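# Architecture at a glance
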Amino acid sequence: MLEYHTPGGPHMGSLLLRIVILKVLVLEMTFWLCTMVLKETLLRHGFTFESETDTEVIPKLAKFIFDKANEEGDQSVTFSQVVLEVIRHLEGAYALTFKSRHYPNELIACKRGSPLLLGVKDLEEKASSGSSFNDAKFPSSNGQPKELFLSSDANALVEHTKKVLVIEDGEVVHIKDGGVSIYKFDKVKNGGTLSRPASVERALSILEMEVEQINKGKYEHYMQKEIHEQPESLTTTMRGRLIRAGSCKAKTVLLGGLKDHLKTIRRSRRIVFVGCGTSYNAALAARSIVEELSGIPVTMEIASDLVDRQGPIYREDTAVFVSQSGETADTLLALEYALENGALCVGITNTVGSAIARHTHCGVHINAGCEIGVASTKAYTSQIVVMAMLALAIGADTLSNQARREAIIDGLFYLPRKVKAVLKLDEEMKDLAKLLIAEQSLLVFGRGYNYASALEGALKVKEVALMHSEGILAGEMKHGPLALVDENLPIVVIATRDSCFSKQQSVIQQLHARKGRLIVMCTEGDKASVSVGGSSRVIEVPQVVDCLQPVINVIPLQLLAYHLTVLRGYNVDQPRNLAKSVTTQ
């Protein structure tokens, strides 16, 4: 346990300690069935509620427990006892901070399933990633107070301090009279109680990011900045992993986080990709190449659906969990389920030290850099690249696909400059956005590798531009979606050069025959092949190897979503009702 006291005694601590809460940690939480029970109990005891949120139950429950203890004559009930009793009744994911006028010099924070960080500013010793929080000395020699920061996101901390503690599930941070203690509790089911055991020792971590990464620089919005950072983010994702020397034999990839587990993955009966939203789409974009190079069946699972139906996961499976934040609640629940069933669990995340990074057996950090905008852009393309490299690593022991692997490695090497070229379509996509500004719906057709591009492009439009959009598998066009086609509804068709190109040409002809309002994305030089009678608006993009084409093709759709949002007057970085890390179920 760390106890530090400021000059003048422990009760002077509140005068000198500045605690800055950088994010509202109590945003939403799920009580499942116990929520209504708790609320009904509190209502019967005279409490009134001002909202319909689950969160409001928590402070009311804390007040009820405090009052009950005092009614029973327990005048010595401590703040930590009150909080522990509250936690005993909670189910689901939460990150909470408690402050009360009854305990003026105290603050308690705890979490389960949601991220929570404690930033510690200006420690006297030179901290490193392995240093212990217990070794910190307070106050410093100049007598100045130390600052503690509680946040759900490292991005909010970096401008104040790089020294953080990642709070684990079941840990309670108790700040009192200038002292900091961290306790670990275990929840006992079936009406049991929560014990408060001895305090635990926690390790300091150092954030590997700079303040410049969270500044907009020359850009007006974070989403705009992050779209245009993709040449650099992709380069960083591949740095040190893509080995491409002069001879063919030297063309390979090195994923250090997986090298000890590749043999196990190759022996898997199947690979299961698990994700939500954009991360799911990224995995879908990589599914075909993983199947092709590994020879292992690949299945796709939306995390919440996997948990809801308790889908079969076996010891012989490799489950790959994809999450930008590494804290996605549904994905964490799916990870817990897969671990219980004995599968090898692999993490793909952008956040070092995140829950998924800590709890999987192995994994790969995508190293895309800090992403502030709620709508993920550069993390999506880096995820695809990492999963393509994963496919290359798994298939590295197969001679029959050596030429194919070398072509993909060459494609990866040139990918950042191709992305830089496609970003020159920015003004063209802005002009297209002006034509679509008043539209209510948008359809995006794709197939093969670019079915994921259709889903992700539509998702970006609905996320930020608040416009109904739908990604559709082009092969399913005749099974219902064709009924929507008329001369007014804008339809984007992705028809770049790959094995599905001729099929997409047929789709374009059928849509044109029904007077569809077409916007066709094609490979440079193919305009005449995809624009029937010159009536379609055409977007030409650079060509890369087919499995990497989704990286190129999604960028014009990202730009379209960005410009549509700005032109429609909406908040592009913080869309309504959405958060960067979805930490509730």
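Note that the structure is a prediction, hence the values are computed from the model and not measured.

Rules behind the numbers
- Residues numbered from 1 in each chain as written.
- Predicted model: local features only at pLDDT ≥ 70, side-chain atom pairs only at ≥ 80, totals over all residues.
- Heavy atoms only, no water.
- Helix = DSSP H or I, 4+ residues; strand = E, 2+ residues; numbered from the N terminus.
- Buried < 20%, exposed > 50% of the residue type's maximum accessible area, 1.4 Å probe, protein only.
- Contact = heavy atoms within 4.5 Å.
- Areas by Shrake-Rupley, 256 points an atom, 1.4 Å probe, with all protein chains shown as cover.
- pLDDT = per-residue confidence, 0-100.
- Phe/Tyr/Trp six-rings, centres within 6.5 Å; stacked < 30°, edge-to-face > 60°.

### As for the overall build of the chain
- Within the chain one finds 18 helices and 21 strands.
- Evaluated residue by residue, the chain yields a buried proportion of 55% over its 585 residues.
- At a minimum sequence separation of 6, the contacts of the chain that also span at least 24 residues come to 73%.
- Total accessible area on the chain stands at roughly 25,300 Å², and carbon and sulfur atoms take up 50% of it.

### Points about the confidence of the model for the chain
- In the predicted model, the chain carries a mean pLDDT of 84, and the fraction of residues at 70 or more is 83%.
- Contacts from residues 125-131, a stretch scored under 50 in pLDDT, to residues over four places away or in other chains number 16 contacts.
- Note on residues 188-194: pLDDT under 50 across the span, and 11 contacts to partners over four residues away in sequence or across chains.

### What about the packing of aromatic side chains?
- Counted under the stated rule, the structure contains 4 aromatic pairs.
- When the ring of Phe66 is compared with that of Tyr103, the centres are 5.9 Å apart and the planes differ by 80°; the resulting orientation is edge-to-face. Of this pair, Phe66 sits in helix H3 (residues 57-71) while Tyr103 is found in strand S3 (residues 103-112), placing the two residues 37 residues apart along the sequence.
- Accessibility expressed as a relative area gives 14% for Phe66, which makes it buried.
- Each ring, one from Phe79 and one from Tyr103, has its centre 4.8 Å from the other, and the planes form 5°; the classification is stacked. Residue Phe79 is located in helix H4 (residues 79-88), and its partner Tyr103 is located in strand S3; the two are separated by 24 residues in the primary sequence.

### A few points about the side chain of Asp426
- Here Asp426 lies in helix H14 (residues 426-436).
- Beyond its immediate sequence surroundings of up to four residues, Asp426 is in contact with His228, Leu559 and His563.

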